[in-house]
Amino acid sequence: MSALIALSGAQKYFGAYHALRDIDLEIGEGEFFSLLGPSGCGKTTLLRAIAGFEALDGGSVHIDGHDMAGVPANRRPTNMVFQSYAIFPHLSVAENVAFGLRKRGLDAKTQAEKVGGALEMVGLGGYGARAAHALSGGQRQRVALARALVLEPKVLLLDEPLSALDRKMREQMQGELRRLQRHVGITFILVTHDQEEALIMSDRIAVMFDGGITQIDSPEGLYRRPASREVGAFIGQMNFLSGQVRSGSEGFVAQIHGLGHAPLAADQSAEPLVAGQATFGMRPESLSLVFDGQARAASEAAGRVADRAYYGDMTYYEVALDGVAEPVTLSMKNMVGQPVLSVGDAARVAWDPRALIVFSGAGDA
Amino acid sequence: MAGVRGQGHGLRVYAVLYLVFLYAPIVLLPIFAFNDSTIIAFPLSGFTTQWFVELADVPALHSAVLTSLKIAVITALISTLLGICAARAATRYRFPAKAGIMGVIMVPLVLPEIIVAVSLLVVFLQIGLELSSLTVILGHVLICTPFCIAILNGSFQSLDVSLEEAAVDLGESGWGAFRLVILPLVMPGIVASLLIAFTISMDEFIIAFFLSGSDPTLPVYLWGQLRFPQRLPVVMALGTILVVASILIIILAEWFRRRGVAKRGGSDSGGFL
Amino acid sequence: MKDSARGLALVSPTALYALAMLVAPMAAIVLFSFWTQDYLTLDTTLTFDNYREAVTDPIYGQLMVRSLYISGIVTAVTVVLAFPIAYYISFHVAPERKALWIFLVTIPFWTSYLIRVFLWKVILGFNGVLNTSLLGLGIIDAPLTFILYNLNAVVITLAHAFAPFAILPIFVVLERIDRSLLEAAQDLGETALTTFWRVTLPLAMPGVIAAVLIVFIPTVGDYITPRLVGGPGGLMIANMIQTQFLRLNNAPMGATLAVLAMVCVTVIALVFLWLNRRFLRGRN
Ligand SMILES: Nc1ncnc2c1ncn2[C@@H]1O[C@H](COP(=O)(O)OP(=O)(O)OP(=O)(O)O)[C@@H](O)[C@H]1O
Ligand SMILES: [Mg+2]
């Protein structure tokens, strides 16, 4: 996979504020890549640096092998879908889409065909004559997409394109965007602070905190093997338990306060395993309740239900384990004939040692 | 909420009385302009168009009108241009001493005009610049520019920065983005600014009084006429024409402003200033 | 850095114009006020003579005080009359008709000031519209004389001329008041009247202050109205400045009066702003 976009050592300061810290990033051709992180972490700044709207204070951006230093936004092979969509309100839908074609020197017929094709592609065939300000949020977003895609850029940059839509529309557009990307085969870089959206849509995701990239991986890789506690907590839910890693005759063993011990495999930690204090991460779905009459699980702990949230298909429990300060969260699929426990009930909790993730160093968990 | 409705009713009566107060002088103007008597008082004596006819053969009046038109058009163009620069700079860029610079530019808005007039007079006389239409234009541009900026600020402010960035992103140069996106969107504001600067300049008296030299503007000419009672009905006729013209201009300006708002799909609130 | 350079470049034509046509002339007039003139010869030695004369000759002091006094009354009358209109338009007019009302209120402002003032003279005069109508209707037996060529006439005329300047800023702040604040106040037990007093009025204060300054400052220097309807007792400082410049050929004295007028206006405006800030802080 040759990198279409390569950033190395990218730095950006706003006055004294360090907005991008030493960003290294390679994005391949045809990839659906997401930048995910909490508000204010620098996602938009990074995207705008690629687009050419922010000049870097250090490092470089290469697109398709060319150094982009000094190349203004209007001469970069990138196009952007703005968060506010930035649809030109004084132009019709078709004029908006044709805006960037003006300088291509096409004859009127070819241009009209291209515009029509782009509108068709985003599901707005026949809307060309509409005034831009008479569109709904979802339609504006489609116009913004068509306007950028009609130029056949090497990279399409999308800054939180779905955040202005209501939930239902957002879910629909997530699917459509994904399909559109596969169809046109252009590299998409999507900025989002919605982890679910990033997981659903992306081939790979970069997780950003505080101006820096903490981890780049596939959605599954990120979820299964978060590189840090921060990432683990940001993507999905995670319980953190403290304990030690011991080295025994048959390899490393986890000793977790309140839960007991279990053998560890090398791929359960982002860094090489070493003996010492450690924090262990565990997803809610890797813990489960053992109901009366069921056989005792291999790894089991006892406790009491401290809180409960019923979601219909699932129930989330907070269970205070004996000898553990913080309650753990676990999720149970609701099955017919299986009881739903109430707050205060005694609970047996089984856990899957293979799902443990080891973070080195003792946390405060 | 009967209390609130009752209060609203009282206020409504007051509002109507207030409008009567506001419009009383203007309503009288055409009444006396068509009244067949040289004395401006009730009861009316009859209908005549004589005063309007007389307007046609006063050469001094015609040259005053021409002078005023010339000054107002040039003033409107220059002050709108200066207004565009300042409003664009103020809404788009951050620069050192911005508040101070903008403050100084806007000062004429809160400065008694007599002070503008005499200070310019002093300078012009000292540097030996002969009083003429040019000196009036210099003064008028100074007082009109803040009004233009106030109007244009509104237009530029409601522009989303990403519209401009989108244009650049789609391949336009900075100038192309300005011409193809920003200019069309602020055009209604520009037209309103031109019309308002024109109206202010047409109407301005004290600066023109001090700086116009031997070529009086229309208000300065009118001022001279007010001293001759027998000229008053003609002044009324002229006033009527002026008021009708101003109202037409202002309706035009408002229409442009609203069209601008509608074009952008915004909702309307308030008017000028 | 690049951005700020661009901003400065863009603002510079306008700023330079203001520098040349406003700041420099202001400086010149201050300088001028320290010179003296004897008929047509200027004496450029710096002296306080003009200021001494302005302070000691009672006619100048009287005119200045009268100007400030008239402007003060005009401002009070204009703002007090304007507030209910702004309030009515903001709170009692349907949203889609607000623009129309604002438009109605501003139209008279755009018609010739000179002619409007002159028409007040026609309305208020001895044989004016008001007197002839009232006489005709038998409401009065003799023409009212207290309404023209005095302070009353000046106040009425200026209150008329500056109405939109008072209404608009108040209207703008009233529009910005979040209506749920008023409902919250009533929900917390305030009556309509106390809500107005404790919530609406304090929130509208910035608009009222703006209105006061916008009316007060230019009226101090008004020339036309006192000349046309003020009579001898209604003349103001601008008339004297004009006389010094264009009739008595004593430009330095005119400059001195202009400077003094500016200083007075500025000081009063600042004191007013300061009092207002204390008032607002006192409430919090
Ligand atoms: N032009 C600017 N001047 C100064 N600071 C800025 C500027 N643009 C962004 N910042 C700061 O840089 C940081 C990163 O901003 P950025 O817009 O990239 O965040 P983000 O990750 O996109 O957040 P969000 O999810 O809220 O959009 C923020 O703290 C922001 O305040
Ligand atoms: Mg952002």
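Quick note: structure is the one above.
Presented here is an overview of the structure given in this document.

Conventions and cut-offs
Residues numbered from 1 in each chain as written. Chains lettered and ligands numbered in written order. Predicted model: local features only at pLDDT ≥ 70, side-chain atom pairs only at ≥ 80, totals over all residues. Heavy atoms only, no water. Contact = heavy atoms within 4.5 Å. Buried area = accessible area lost by both parts, 1.4 Å probe. Salt bridge = Lys/Arg side-chain N within 4 Å of Asp/Glu carboxyl O. Polar contact = N/O pair within 3.5 Å; in protein donor to acceptor, adjacent residues only side chain to side chain. Helix = DSSP H or I, 4+ residues; strand = E, 2+ residues; numbered from the N terminus. Nonpolar A, V, L, I, M, F, W, Y, C, P; charged D, E, K, R; others polar. Near = heavy atom within 4 Å. Phe/Tyr/Trp six-rings, centres within 6.5 Å; stacked < 30°, edge-to-face > 60°. Buried < 20%, exposed > 50% of the residue type's maximum accessible area, 1.4 Å probe, protein only. Pairing = 2+ DSSP bridges.

It is worth spelling out the interface of chain B and chain C at this point. Contacts between the two partners involve 84 residues from chain B, matched on the other side by 77 residues from chain C. Buried area between chain B and chain C, summed over both chains or domains, comes out near 7300 Å², and the portion from carbon and sulfur atoms is 83%. Summed over the shared surface of chain B and chain C, the result is 0 salt bridges. Taken together, chain B and chain C are joined by 8 residue pairs in polar contact (both at pLDDT 80 or more). The element that contributes the greatest number of residues to the side of chain B that touches chain C is helix 1 (residues 2–33) of chain B, accounting for 18 residues. Class assignment for the residues of the side of chain B that touches chain C results in 67 nonpolar, 10 polar and 7 charged.

What follows deals with the site of ligand 1. All names here are of chain A. In the vicinity of ligand 1, the residues found are F14, Y17, S39, G40, C41, G42, K43, T44, T45 and E160. Contacts to ligand 1 include Y17, whose side-chain N or O atom sits 3.4 Å from an oxygen atom. Per-class residue counts for the shell around ligand 1 are 3 nonpolar, 5 polar and 2 charged.

This paragraph deals with the arrangement of the chains. Most contacts, when the 2 pairs of chains in contact are compared, are made between chains B and C. What separates chain A from chain C at the closest point of their C-alpha atoms is a distance of 10 Å, and the two make no contact.

The subject of this paragraph is the packing of aromatic side chains. Two measures describe an aromatic ring pair: the distance that separates the ring centres and the angle between the ring planes. Inspection of every chain in the model, using the stated rule, returns 31 aromatic pairs over all chains. Taken together, a centroid distance of 6.0 Å and an interplanar angle of 40° make the contact between B:Y14 and B:Y18 tilted. In this pair, B:Y14 and B:Y18 are both assigned in helix 1, 4 residues apart and thus about one turn of the helix distant. A relative accessible area of 25% means that B:Y14 is categorised as partly exposed. Of the residues examined, B:Y18 reaches a relative accessible area of 5% and is grouped as buried. Taking 6.3 Å as the distance between ring centres and 25° as the angle between the ring planes, the aromatic pair formed by B:F205 and C:Y223 counts as stacked. With B:F205 in the loop between helix 8 (174–203) and helix 9 (206–211) and C:Y223 in the loop between helix 10 (192–220) and helix 11 (224–229), this residue pair bridges two chains.

Interfaces are often sized by the amount of accessible area the parts lose when they come together. On the chain B side, the residues contacting the 22 residues of chain A number 21 residues. Summed over both partners, the interface of chain A with chain B buries about 1900 Å², with 60% contributed by carbon and sulfur atoms. Of all residues in chain A, the largest losses of buried area upon contact with chain B belong to A:N74, A:H90 and A:F99, amounting jointly to 30% of the total for that side. Counting every contact that joins chain A to chain B gives 3 salt bridges. A salt bridge links A:K103 to B:E172; the nearest nitrogen and oxygen atoms lie 3.5 Å apart. Listing elements by their share of the side of chain A that touches chain B, those giving two or more residues are strand 6 (78–81) and helix 4 (137–149) of chain A. When the residues that make up the side of chain A that touches chain B are grouped by side-chain class, the tally is 11 nonpolar, 7 polar and 4 charged.

Here we take up the sheet that holds strand 4 (residues 58–63) of chain A. All names here are of chain A. The strand order across the open sheet formed by 4 strands is 2-1-4-5, and the pairing between neighbours is antiparallel. Sheet topology places strand 2 (17–28) and strand 5 (66–67) at the edges, where each strand pairs with a single neighbour. Across 8 bridges, strand 1 (residues 3–14) lies against strand 2 in antiparallel orientation. Note that in strand 2 the partner of F14 across the bridge is Y17.

In short, the description is geometric, and any link to function would need to be established separately.
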